[in-house]
Amino acid sequence: MVKDLTIRALIKDIQDLTLRLEKVERENRRLHHENTQLKADIAGIKAENKDLRARLESNSHNSNKPPSSDGYKKQTIKPGLPKGKVSSRGGQKGHKGNTLKQVESPDEIVPCVPDICTCGHKFKKDQLILAEKRQVFDLPQPKLEITEYQIFKASCTVCGKEQKGVAPEGVNAPAQYGNKVKAFAVLLNVHYKLPFKKIQLLFSDLFGYPINESTISLAGEKCYEKLKESERIIKSKIIAENVVHADETGLRIAGKLHWLHTATTSLYTYLFVHEKRGAGAIQSNKSVLRDYIGWLVHDCWGSYFNLEKLRHAICGAHILRELEGLIETRETKWAKVFKPFLLSVYRMPLEERIRRRQQIESKYDCICTIGEKAEPPPMKTKGKYKRTPGRNLVERLIREKDAVLAFAFNEGVPFTNNLAERDIRPAKVKQKISNCFRTFKGAEIYARIEGFISTARKNNRSIFSELCATFEGHNFITA
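So, here's what we can say about the structure. (Residues numbered from 1 in each chain as written. Predicted model: local features only at pLDDT ≥ 70, side-chain atom pairs only at ≥ 80, totals over all residues. Heavy atoms only, no water.)

### Notes on the pattern of salt bridges
Phase 1: The final tally for this structure, using the stated rule, is 21 salt bridges.
Phase 2: Of the charged contacts in the structure, one is a salt bridge between Lys286 and Glu444, with a shortest N-O distance of 2.9 Å. In this pair, Lys286 is assigned in the loop between α6 (279–282) and β6 (295–298) and Glu444 in helix α15 (residues 440–458), connecting sequence segments 158 residues apart.
Phase 3: For Lys286, a relative accessible area of 25% puts it in the partly exposed group.
Phase 4: For Glu444, a relative accessible area of 18% translates into the label buried.
Phase 5: For Arg396, the salt bridge goes to Glu322, with nearest N and O atoms at 2.8 Å. Here Arg396 is found in helix α11 (residues 389–399), whereas its partner Glu322 is found in helix α7 (residues 316–330), with 74 residues between them in sequence. (Salt bridge = Lys/Arg side-chain N within 4 Å of Asp/Glu carboxyl O. Helix = DSSP H or I, 4+ residues; strand = E, 2+ residues; numbered from the N terminus. Buried < 20%, exposed > 50% of the residue type's maximum accessible area, 1.4 Å probe, protein only.)

### Thoughts on the packing of helix α3 (residues 196–207) against helix α4 (residues 213–226)
Phase 1: Their axes nearest at 9 Å, the elements α3 and α4 cross at an angle of 110 degrees. Relative to α4, the element α3 lies roughly perpendicular. The handedness of the crossing between α3 and α4 is right-handed. Contact with α3, carried on its side by Phe196, Lys197, Ile199 and Gln200, involves Glu213, Ile216 and Ser217 of α4 and no other residues of that element. (Axes fitted to C-alpha atoms, helices over the stretch in contact; angles between N-to-C directions. Parallel < 35°, antiparallel > 145°, perpendicular 65-115°, else oblique. Left-handed = near helix turned anticlockwise from the far one by under 90°. Contact = heavy atoms within 4.5 Å.)

### Things to note about the pairing of β6
Phase 1: Every second residue of β6 is oriented toward a common face, with Trp295 and Val297 on one face and Leu296 and His298 on the other, all of them buried.
Phase 2: Here three bridges tie strand β3 (residues 243–253) to β6, and the two strands are oriented parallel to one another. Bridge pairing in β6 links Val243 to Trp295.
Phase 3: Sheet topology note: the β6/strand β7 (residues 311–314) ladder contains four bridges and is parallel. By the bridge assignment, His298 is partnered in β7 with Ile314. (Pairing = 2+ DSSP bridges.)

### Some points on unusual backbone geometry
Phase 1: For Ala254, which is not glycine, the phi torsion reads 50 degrees and is therefore positive.
Phase 2: Along the chain, Ala254 falls in the loop between β3 and β4 (256–264).
Phase 3: Judged by its relative accessible area of 51%, Ala254 is exposed.
Phase 4: In this structure, Asn460 is a non-glycine residue whose phi angle is positive, near 55 degrees.

### As for the layout of surface pockets
Phase 1: Put simply, the largest pocket is a space of about 1400 Å³.
Phase 2: Around the largest pocket, the lining comprises 35 residues; the ones closest to its centre are Glu145, Gln176, Tyr177, Gly178 and Asn179.
Phase 3: Those elements that provide at least two residues to the lining of the largest pocket are α2 (179–191), α3, α4 and α16 (463–472).
Phase 4: Examining the composition of the lining of the largest pocket, we find that six residues originate from one element, α2, more than from any other. (1 Å grid on protein atoms, 1.4 Å probe; cavity = no way out; pocket = protein on both sides within 12 Å on 5 of 7 lines; lining within 4 Å. Points joined across faces, edges and corners; volume = space filled by probe spheres on them.)

### Some remarks on empty space enclosed by the protein
Phase 1: In the structure shown here, the tally under the stated rule is three cavities of 30 Å³ or more.
Phase 2: Of the volumes computed, that of the largest cavity is approximately 60 Å³.
Phase 3: Lining the largest cavity we find Ala246, Asp247, His261, Thr262, Ala263, Phe272, Ile282, Ser287, Val288, Leu289 and Tyr304.
Phase 4: Mapped onto the lining of the largest cavity, the elements with two or more residues apiece are β3 and β4.
Phase 5: A total of three residues in the lining of the largest cavity trace back to one element, the largest contributor, which is β4.
Phase 6: Its residues assigned to classes, the lining of the largest cavity shows seven nonpolar, three polar and one charged. (Nonpolar A, V, L, I, M, F, W, Y, C, P; charged D, E, K, R; others polar.)

### Quick look at the side chain of His191
Phase 1: Following the sequence through the fold, His191 ends up in helix α2.
Phase 2: A distance of 3.1 Å separates the side chain of His191 from the side chain of Arg457, its partner in a polar contact.
Phase 3: When near neighbours in sequence (up to four residues on either side) are disregarded, His191 contacts Val186, Glu450, Ile453 and Arg457. (Polar contact = N/O pair within 3.5 Å; in protein donor to acceptor, adjacent residues only side chain to side chain.)

### So, α16
Phase 1: Within α16, seven of the 10 residues are buried, which leaves it mostly tucked inside the rest of the structure.
Phase 2: When we look at burial in α16, the residues that qualify are Ile463, Glu466, Leu467, Cys468, Ala469, Thr470 and Phe471.
Phase 3: Tucked into the core, α16 has its buried residues touching α2, α4 and α15.

Structure representation (structure tokens):
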């Protein structure tokens, strides 16, 4: 009897222990699952924190952000392309200054002669000798030059018919502004970014005539129409070039986002506005790139690669900024190796690059292979594969190797796309002043005139003179 009770108690204890063990195991599994989940959450938070810190620390030096986004407390940053030896301040050796120089035929001569000697002797004219000349360059009192056309009429004494004189073409009103005033207003509004009200004030202060806003607006429209043939010629010149630079930037037009596109060379600039940024604009009738077959330098925007007739070259300055961002914000080791490698190829003479092509490409592939292994693989989130900035860059470097190294082995292909960026930057200044374009037509007027002005400046032409000539019906492009 006692033995049976002992066995039953022992069995119960074993059952209780088994239940407790199962409970502990369930709790252990639950804690293990929670621990795994927490580790994953912590890893995600760390990655997100790292990404956010990288965004906070990104600027125009280590990312594709514009310099205007750096704010007022701008840090001293290194140039995108290190210049090596730091030059001293002031004019550098070989720099041609623009110091004022005396002219041979001044507009006015004011003689400064000695009056009477200290001993009382009065000097005669034939005793005076020119000792030195000093010239003052100043502005004349600005005024509008008013030309009156008097139109006479007469009756013929033979047949009795009345004949009347004809005014020059374009002189249609009793009082109107001439082409030089219109050219000046267009220059101030488009190239120097002055709003209509400011131009009114300037005309009032300088000339005493507050020019109407409608006059300035109509002058812009007329200039736009007069430049139609000039723009066609500029486009044909760009297509004929061996190397063309392309870029695009956002513009606010009529409350919506539009895009200003450029195709530019060292002598010609073409700008156009479109609702789209990608293939819809690049392959539209406005674009000159559809039939282009030379080298196109761009910032690796994907839509450009749909143009299969031409050859691609990617801006090295953008790659350097992305590498710098990986180095500064993520301490990426392969980026620390690739950046000096790319700069060393850039500084290398063309003949040496061509001679060492196999070695350069081999090292390029080696660094990219290391980077591909070091960067985490794409992670699938919400049906999409998410890549880190480093993974995106290294995959792009592998995929577009020929375009990245185009500058290295092809004469005339530059390392950067700075030419296109310089030609498109004035639009951002215009937008900062005016905030937006009210109409799409107004943006088109700006693009055509600014493209012509940029072309004239590249050809060392007087902008004001060429705009005046445009209103007369010809300029240096159409002549």
